[in-house]
Amino acid sequence: MSPARPRTYLVTGAASGIGEATAARLRAQGHTVLGADLAGSDIDADLSTPEGRTRLVARARELSGGRLDAVIASAGLHLFDPRTVRVNYFGAVATLEGLRPLLAAGADPRAVVVSSLTAIHPHDPAIADAALAGDESAATAAAEAAVRRGEGHAVYGSSKNALTRWVRRTAATAAWAGAGIPLNAIAPGTVLTPMTEPMLATPGVREVVDSLIPMPLNGHAAAEQVAPLLDFLTSPENTHVTGQIVFVDGGADATLRGEGAW
């Protein structure tokens, strides 16, 4: 069924995984979706670099005519590499901050970023705190140090921890809530995407992943099962949900933290 009023969305990470599934869902409803990814999308941009972030915003402004109704920042990396924090935190924040003026010109503007259940795992404070301070050089150096000491696994969760805290810090400010723009994050558990499927197919790794992200309700999710939540959070119907980290994790957060997180 066609929507009452088609909206214009920008989705990063639109070439695969959650971004691709969400873009497909929105297009099927009759919305206009500008996809962004490294290659093969409406906007080709490398969000690990300042130049790529600038290109994303410039092309989005050009292609949208200067207005967007919603932004879904889904692009992300899961590598034992400093590029992970450059994309997952600095790329995501630059996307949201850079496109906020276009949202302000839109109708019923909404923004969501894809974080992760791993944001609640123990993290590297040097990475997360430097990211939150806006110091990309220091965050990159801290990620490099973690990799050198054999703790490269901490880079991903630390980048998502910082991103989640940024949403909480930012959503209620005048630039967002004060301007009528809800800003939220979702925190998926294990989602079957091209990024995770090779890892889950590795003997022994799946067991480790499942111990870190236990999902008693229906197990691992497909990207198409996450997309409806992003659809709602960026719809006009979402009038009051902002600054929230919405777990779509099959019960992992409740299992790991129980009532103590309430």
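Residues numbered from 1 in each chain as written. Predicted model: local features only at pLDDT ≥ 70, side-chain atom pairs only at ≥ 80, totals over all residues. Heavy atoms only, no water.

Enquirer: An account of the environment of His-31 is needed here, citing residue identities and associated values.
Expert: Relative to the helices and strands, His-31 resides in the loop between α1 (17-28) and β2 (32-37). A sequence separation of 205 residues divides His-31 from Pro-236, and the C-alpha atoms of the two residues are 13 Å apart. A distance of 2.9 Å separates a polar atom in the side chain of His-31 from the backbone nitrogen of Arg-7. Among the polar contacts made by the side chain of His-31, one reaches the side chain of Gln-29 at a distance of 3.5 Å. (Helix = DSSP H or I, 4+ residues; strand = E, 2+ residues; numbered from the N terminus. Polar contact = N/O pair within 3.5 Å; in protein donor to acceptor, adjacent residues only side chain to side chain.)

Enquirer: Can you explain the pattern of salt bridges? Please cite residues and give values.
Expert: Applying the stated criterion to the full structure yields 10 salt bridges. Asp-129 is the partner of Arg-165 in a salt bridge, and the nearest nitrogen-oxygen pair spans 3.4 Å. Note that Arg-165 is positioned in helix α6 (residues 153-170) and Asp-129 in helix α4 (residues 125-132), a separation of 36 residues in sequence. Exposure remark for Arg-165: the relative accessible area of 33% places this residue in the partly exposed category. Asp-129 gets classed as partly exposed once you look at its relative accessible area, which sits at 41%. Residue Arg-257 is joined to Asp-253 by a salt bridge in which the shortest nitrogen-to-oxygen separation is 2.7 Å. (Salt bridge = Lys/Arg side-chain N within 4 Å of Asp/Glu carboxyl O. Buried < 20%, exposed > 50% of the residue type's maximum accessible area, 1.4 Å probe, protein only.)

Enquirer: Talk me through the environment of Met-215; I want residue IDs and the actual numbers.
Expert: By the secondary structure assignment, Met-215 is in the loop between α8 (205-212) and β8 (221-222). Along the chain, Met-215 and Gly-251 lie 36 residues apart, while their C-alpha atoms are 5.4 Å from each other. Contact partners of Met-215, with chain neighbours within four places excluded, come to Gly-189, Thr-190, His-220, Ala-221, Asp-249, Gly-250 and Ala-252. (Contact = heavy atoms within 4.5 Å.)

Enquirer: I'd love a proper account of α1, names of residues and values included.
Expert: Across its 12 residues, α1 extends 17 Å between first and last C-alpha, which sits within 8% of the 16 Å expected from 1.5 Å per residue. Taken together, the buried positions of α1 are occupied by Gly-17, Ile-18, Gly-19, Ala-21, Thr-22, Ala-23 and Leu-26. (Expected span 1.5 Å × (residues − 1).)

Enquirer: Could you give an account of the sheet that holds strand β4 (residues 70-73), with specific residues and numbers?
Expert: Read from one edge of the open sheet, 7 strands run β3-β2-β1-β4-β5-β6-β9, paired in parallel fashion. Where the open sheet ends on each side, the last strands, each with one partner, are β3 (43-44) and β9 (245-248). Pairing geometry for strand β5 (residues 110-114) and strand β6 (residues 183-188), over 4 bridges, is parallel. By the bridge assignment, Val-114 is partnered in β6 with Ile-186. Here helix α3 (residues 83-104) sits on the sheet in contact with β1 (8-12), β4, β5 and β6, set at roughly 175 degrees to β4. (Pairing = 2+ DSSP bridges. Axes fitted to C-alpha atoms, helices over the stretch in contact; angles between N-to-C directions.)

Enquirer: Can you break down the packing of α4 against helix α5 (residues 136-148) residue by residue, with the values?
Expert: Interhelical geometry of α4 versus α5 gives an angle of 165 degrees and a closest axis separation of 8 Å. Considered as vectors, α4 and α5 are oriented roughly antiparallel to each other. Pair α4 / α5 crosses with left-handed handedness. Every residue of α5 that contacts α4 at Ala-126, Ile-127, Ala-130 and Ala-131 is listed here: Ala-138, Ala-139, Ala-142, Ala-143 and Ala-146. Split into classes, the residues belonging to the contact of α4 with α5 amount to 9 nonpolar, no polar and no charged. (Parallel < 35°, antiparallel > 145°, perpendicular 65-115°, else oblique. Left-handed = near helix turned anticlockwise from the far one by under 90°. Nonpolar A, V, L, I, M, F, W, Y, C, P; charged D, E, K, R; others polar.)

Enquirer: Requested: an account of the environment of Asp-37, with residues and values cited.
Expert: Here Asp-37 shows up in strand β2. In this structure the C-alpha to C-alpha distance between Asp-37 and Val-11, which are 26 residues apart in sequence, comes to 8.7 Å. Setting aside anything within four residues of it in sequence, one finds Asp-37 in contact with Gly-13, Ala-14, Ala-15, Ser-16, Ile-43, Asp-44 and Ala-45.

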